[in-house]
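# Reading the structure
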Amino acid sequence: MGRASSKEDAGALFHSLRSAYAATPLNLKIIDLYVGFSIFTALIQVVYMAIVGSFPFNSFLSGVLSCVGTAVLAVCLRIQVNKENKEFKDLPPERAFADFVLCNLVLHLVIMNFLG
Amino acid sequence: MATMPILPNMPVLDLVKSFKLKTKQQELLIRVSILCLVYVLAFITRLFSVLRYESMIHEFDPYFNYRTTLYLTQNGFYDFWNWFDYESWYPLGRIVGGTLYPGLMVTAALIYRILHFLRFAVHIREVCVLTAPFFASNTTLVAYFFGKEIWDTGAGLVAAILIAICPGYISRSVAGSYDNEGVAIFALLFTFYLFVKAVNTGSLAWSLASAFGYFYMVSAWGGYVFIINLIPLYVLVLLITGRYSMRLYVAYNCMYVLGMLLAMQIRFVGFQHVQSGEHMAAMGVFFLLQVFYFLDWVKHMLSDTKLFQAFLRITVTCAVAVGAIALGLGMLSGYISPWTGRFYSLLDPTYAKDHIPIIASVSEHQPTAWSSFMFDFHILLFLFPAGLYFCFKRLSDATIFIVMYGLTSMYFAGVMVRLILVATPAVCLVSAIAVSATVKNLTVLLRSKNKGVQTGSTKGSSSSKASSKALLDQSQPFQKNGAIALLFGAFYLLSKYATHCTWVTSEAYSSPSIVLAARGAHGSRVIFDDYREAYFWLRQNTPPDAKVMSWWDYGYQITAMGNRTVIVDNNTWNNTHIATVGRAMSSYEDEAIEIMRSLDVDYVLVVFGGVTGYSSDDINKFLWMVRIGGGVFPVIKEPDYLVNGEYRVDKGAAPKMLNCLMYKLCYYRFGEMLTEYGKPPGYDRARGVEIGNKDIKLEHLEEAFTTSNWIVRIYKVKPPNNRW
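Let me begin by describing the structure that accompanies this report. (Residues numbered from 1 in each chain as written. Chains lettered and ligands numbered in written order. Predicted model: local features only at pLDDT ≥ 70, side-chain atom pairs only at ≥ 80, totals over all residues. Heavy atoms only, no water.)

Counting secondary structure elements, chain B contains 30 helices and 11 strands. Taking the principal axes of its C-alpha atoms as reference, chain B extends roughly 110 × 70 × 60 Å. Taken across its 724 residues, chain B has 54% of its residues classed as buried. Nonlocal contacts in chain B, meaning residues at least 24 apart in sequence, comprise 72% of its contacts between residues at least 6 apart. For chain B, the accessible surface area stands at approximately 32,200 Å², while carbon and sulfur atoms represent 62% of it. Taking the 60 positively charged and 49 negatively charged side chains of chain B as two groups, their mean positions are separated by 13 Å. (Helix = DSSP H or I, 4+ residues; strand = E, 2+ residues; numbered from the N terminus. Buried < 20%, exposed > 50% of the residue type's maximum accessible area, 1.4 Å probe, protein only. Contact = heavy atoms within 4.5 Å. Areas by Shrake-Rupley, 256 points an atom, 1.4 Å probe, with all protein chains shown as cover. Lys, Arg positive; Asp, Glu negative; His and termini not counted. Charge placed at Lys NZ, Arg CZ, Asp CG, Glu CD.)

The number of helices and strands found in chain A is 4 helices and 0 strands. Secondary structure elements of chain A, listed N to C terminal, follow the sequence α-α-α-α. By the compact-globule yardstick of 13 Å for 116 residues, chain A is too spread out, its C-alpha radius of gyration being 19 Å. Principal axes of the C-alpha set define a box for chain A whose edges measure 55 × 45 × 20 Å. Out of the 116 residues belonging to chain A, those deemed buried represent 39%. Partitioning the intrachain contacts of chain A with sequence separation of at least 6 by distance along the chain shows that 69% fall at a separation of at least 24. For chain A, the exposed area adds up to about 7,200 Å²; of that, 71% sits on carbon and sulfur atoms. (Rg over C-alpha atoms; globule rule 2.2 N^0.38 Å.)

So, about the nonpolar core. Nonpolar side chains in soluble globular proteins generally cluster together in the buried interior. Membership of the largest hydrophobic core comes to 242 residues, with the highest contact counts inside it found for B:Phe146, B:Phe192, B:Tyr252, B:Leu380, B:Met596, B:Leu605 and B:Tyr667. The next biggest cluster of nonpolar side chains, apart from the first, holds 10 residues, and it includes A:Leu13, A:Ala20, B:Met301 and B:Leu302. (Core = buried A, V, L, I, M, F, W, Y, C linked by side-chain atoms within 4.5 Å.)

Residues and elements named next belong to chain B. Alignment of strand β10 (residues 701-706) against strand β11 (residues 712-717), held across 5 bridges, turns out to be antiparallel. Looking across to β11, one finds that Leu701 is bridged to Val717. The antiparallel pairing of β10 with β11 creates a hairpin that spans 5 residues between the two strands, and Trp710 there sits at a positive phi of about 65°. (Pairing = 2+ DSSP bridges.)

All names here are of chain B. Relative to the helices and strands, Arg713 is located in strand β11. For Arg713, a relative accessible area of 0% puts it in the buried group. Among the polar contacts listed, one links the side chain of Arg713 to the backbone oxygen of Cys666, at a separation of 2.7 Å. Within the structure, Arg713 has its side chain in polar contact with the side chain of Thr706 (distance 3.4 Å). If near-sequence neighbours (up to four positions away) are discounted, Arg713 is found in contact with Val604, Leu605, Val606, Phe608, Leu665, Cys666, Tyr667, Tyr668, Arg669, Glu703, Phe705 and Thr706. (Polar contact = N/O pair within 3.5 Å; in protein donor to acceptor, adjacent residues only side chain to side chain.)

A word on the packing of helix α4 (residues 93-114) of chain A against helix α12 (residues 246-263) of chain B. The N-to-C vectors of α4(A) and α12(B) enclose an angle of 25°; their axes lie 10 Å apart at closest approach. Accordingly, the angle class assigned to the pair α4(A) and α12(B) is roughly parallel. In the crossing of α4(A) with α12(B), the sense of the turn from one axis to the other is left-handed. On α12(B), the residues touching A:Cys103, A:Val106, A:Leu107, A:Val110, A:Ile111 and A:Phe114 of α4(A) are B:Cys254, B:Val257, B:Leu258, B:Leu261 and B:Leu262. Of the residues assigned to the contact of α4(A) with α12(B), the class counts are 11 nonpolar, no polar and no charged. (Axes fitted to C-alpha atoms, helices over the stretch in contact; angles between N-to-C directions. Parallel < 35°, antiparallel > 145°, perpendicular 65-115°, else oblique. Left-handed = near helix turned anticlockwise from the far one by under 90°. Nonpolar A, V, L, I, M, F, W, Y, C, P; charged D, E, K, R; others polar.)

Here we take up the packing of aromatic side chains. Residues and elements named next belong to chain B. Per the stated rule, a full pass over the model turns up 55 aromatic pairs over all chains. Ring geometry for Tyr252 and Tyr256: centres 5.8 Å apart, planes at 10°, overall stacked. Of the two residues, Tyr252 and Tyr256 both sit in helix α12, 4 residues apart, roughly one turn of that helix. Across the pair, exposure class does not vary: Tyr252 and Tyr256 are buried alike. For the ring pair Tyr531 and Tyr614, a centre distance of 6.4 Å and an interplane angle of 80° mean the geometry is edge-to-face. Within this pair, whereas Tyr531 is found in helix α24 (residues 530-541), its partner Tyr614 is found in the loop between β7 (603-607) and α28 (618-632), the two being separated by 83 residues in sequence. Residue Tyr531 is classed as buried on the basis of its relative accessible area of 2%. Among the aromatic side chains, those forming a connected cluster through ring pairs are Phe192, Phe195, Phe226, Tyr234, Phe401, Tyr405, Tyr411 and Phe412. Against the face of Phe633 rests Arg583, its NZ or CZ located 4.8 Å from the ring centre. (Phe/Tyr/Trp six-rings, centres within 6.5 Å; stacked < 30°, edge-to-face > 60°. Lys NZ or Arg CZ within 6 Å of the ring centre and 35° of its normal.)

Each partner contributes residues to the interface: chain A has 35 residues there, and chain B has 35 residues. Carbon and sulfur atoms supply 79% of the area buried between chain A and chain B, which totals about 3,100 Å² over both sides. Applying the counting criterion to the chain A and chain B interface returns 1 salt bridge. Between B:Arg247 and A:Glu87 there is a salt bridge, and its shortest N-O distance comes to 3.8 Å. Along the contact surface separating chain A from chain B lie 4 residue pairs in polar contact (both at pLDDT 80 or more). Going through the elements one at a time, α1 (3-22), α3 (57-81) and α4 of chain A are the ones with two or more residues in the side of chain A that touches chain B. When residues in the side of chain A that touches chain B are grouped by element, the largest group, 13 residues, is from α3(A). Looking at side-chain class alone, the side of chain A that touches chain B contains 23 nonpolar, 6 polar and 6 charged residues. (Buried area = accessible area lost by both parts, 1.4 Å probe. Salt bridge = Lys/Arg side-chain N within 4 Å of Asp/Glu carboxyl O.)

All names here are of chain B. As summarised here, the arrangement of the 5 strands in space is β6-β5-β7-β11-β10, forming an open sheet in which the pairing is mixed. Each edge of the sheet is formed by a strand with only one pairing partner; in this case those strands are β6 (565-566) and β10. Helix-sheet contacts for α24 involve β5 (547-549), β7, β10 and β11, and the interaxial angle to β11 is about 25°.

Backbone torsion omega between A:Phe55 and A:Pro56 reads -10°, so that peptide bond is classified as cis. Among the structural elements, A:Pro56 can be located in the loop between α2 (26-52) and α3. Put simply, B:Tyr90 and B:Pro91 share a cis peptide bond, and its omega is 0°. A positive phi angle is found at B:His378, which is not glycine, with a value near 55°. Its place among the elements puts B:His378 in the loop between α19 (370-377) and α20 (380-393).

Time to look at the pairing of β7(B). Residue and element names in this part refer to chain B. Most of β7 is tucked away: 5 of the 5 residues are buried. Of the two faces of β7, both are covered, the one formed by Tyr603, Leu605 and Val607 as well as the one formed by Val604 and Val606. Bridge count between β5 and β7: 2 bridges; the pairing is parallel. Counterpart to Val548 in the pairing with β7 is Tyr603. In this structure, β7 lies alongside β11, joined through 5 bridges in antiparallel fashion.

So, on to the pattern of salt bridges. All names here are of chain B. Across all of its chains, the model carries 25 salt bridges over all chains by this definition. The closest approach of N and O atoms between Arg67 and Asp85, which form a salt bridge, is 2.9 Å. Pair noted here: Arg67 is in helix α4 (residues 61-81) and Asp85 is in strand β1 (residues 84-85), with a separation of 18 residues, a long-range link. Each member of the pair, Arg67 as well as Asp85, is classed as buried. A salt bridge links Glu181 to Arg418, with the nearest nitrogen and oxygen atoms 2.6 Å apart. Placement of the pair is Glu181 in helix α9 (residues 180-201) and Arg418 in the loop between α21 (397-415) and α22 (420-452), with a sequence separation of 237 residues.

A pair of packed helices is characterised by two quantities: the angle between their axes and the separation of those axes. All names here are of chain B. Interaxial distance between α9 and helix α11 (residues 224-240) falls to 11 Å at its minimum, and their mutual angle equals 25°. Looking at the two axes, α9 sits roughly parallel to α11. You can see that α9 and α11 cross each other, and the crossing is right-handed. On α11, the residues that touch Leu188, Thr191, Phe192, Phe195 and Val199 of α9 are Phe226, Ile227, Leu230, Ile231 and Tyr234.

So, in structure tokens, the structure goes:
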């Protein structure tokens, strides 16, 4: 178990992941992009808070939680729309998307109330 | 009593057949009528005190809730949410809007508005009195749906019936008990039902509903901490036992994020969901879930297990390290506050007695005796383990949840008497499973004998799917008789349960506490309405800005009914202020008058049970005043008031006890009073002794009012003497 083998492992891992991911359908990739974007936005907000300070705390929380919340909801949507999940094969994707929109609506209404 | 839908009842069946209803419709009719009857039953069994006395608010805490609801209906939501109350905790005041759980008041105000919109001109007090029974009825409906989700409709019906009359729930939801728990238990069960439904269906809509249910629970009661810890524990158990699925991910994540956000809208809760140690379990499980499912997804994508092992190692070490560092930093820097005393004393029951006497002094916070369990649960106590057995036989996501809810809530019910209330829905549900499964098996035995002779048709009027498998075991010839005997036994037990519950409700849990009743010499009922007499005297005979000093138990009632400013009340948020009052009560009159003048006290109110034998009076609570006062002011020492470790008020009592302010105020002029035939004057009926100091002179106070049975005594603080 030398360093060389773990490096090879890492390289093989990376390639294997890349090739497996390339095989996912386009709609799932769009959702993944959206998730990545909102996590990135959340990270930017955290870095900003670290620089400027956390007052007012409710605004910081509402900003971060809106990003995290919508990311989590998008992951739930991805799970429900993914054809490979046997548990959700009876669920029409339109219904999944409607649930997603409803939850996001509630999320952002609460965020707007909390933003101060 | 309970599960009738599968036993054919001849006359009813014929009558119903004449209307040409199919079996499914018969079953629906029976179910709906049972539920309607249970709904009405749950409401009317809580009305004993309204029928016996009058429609009034009971106890102490509900008076504060009533006063705030009154304020809400008169001044609107904005003023209520921003209310600063200057009439309590003089001179500090209290920020009411930020220190209460608004769910109950908003609910009652909403019902009041709806009734007025429909032109029923009811008074807000009537709405407040009947809110708890109304929500108890709604809880039975939720219990039915929950039982249906966990097991089947039979269990749901039995659960509804059991919870409608269970004394553990009735104790805090009688008519007149206008307290948070009346609404909170409905919210608790509703949230759990919605969450279990979300886990079973994996739908975002149900998770959203459970987040709203959680929001309602947070707005209603501080016990929401139970939900936010039980659900993560449940998720953890599912992860560990390998029963996790995608539905769990969807349900928990949506509920946690939305629920947390909604909960933070309540000012009293504030940022606790991200800052308090009690809520960290939920956050920890949230992150754990993300890591877990991410790893699951990567494993699914990678076909090579060796590579995956490497990836797993890296990720797990990183995640654990980051999590541990974050948690450690948070706790060390004090950002994440440790568990508060109220909830820490649940994990370590001896903590409150040593460190926080105020929490230890509340009678509801004492550990539970076995008799309380039997009193509040009756047959459910042995049906609960039976139900656990059935749950373990048929494990699913829902049954695992109810088992966990039952076990954790029973542990907490053992630690604190008040928490029997939280355990009641779980016990009722699990027992319902036992009853329903047993009765179902027995009736299947009964019916299969009829069908055993006919070979072919297992279809037909039998609705039970299990009957096709139920062939009679030929080696046990008396199975049918045994089944009939057992069924009779089961129905006997259930009828005994109903009798017990009604008796308990009538005798033990329907007393308003503000009006006392006793049996007179000839068996006639004697009513002591002294409390209200005293508060009304205060209301009508004192200046509007008078300040009243009493022990904190009576604060809410004095502000609500007497409409006067008090020094301390039941909110007990400021220990030093309460200790100041305790110190004043336990000092000599000269020291006490200094303290009272510094607090601008005009009137002092004490409760005294020596004439009537009422045992919850201030002399019996006096040692707690000493302990709490002594906790902040070391000049008050508890041994000064005891003789050989014994608490006495007769001739052999400690001299400090015989001359302290509380003693003087309670026993002023009592030495001349004849209370019982054949006993000397000054015989204290509550303690059963003749008092030690009968010749009491008050220098700085004068007696203002004593109620007709001497239960409440009010004294006026005299202004300082004129100097010449």
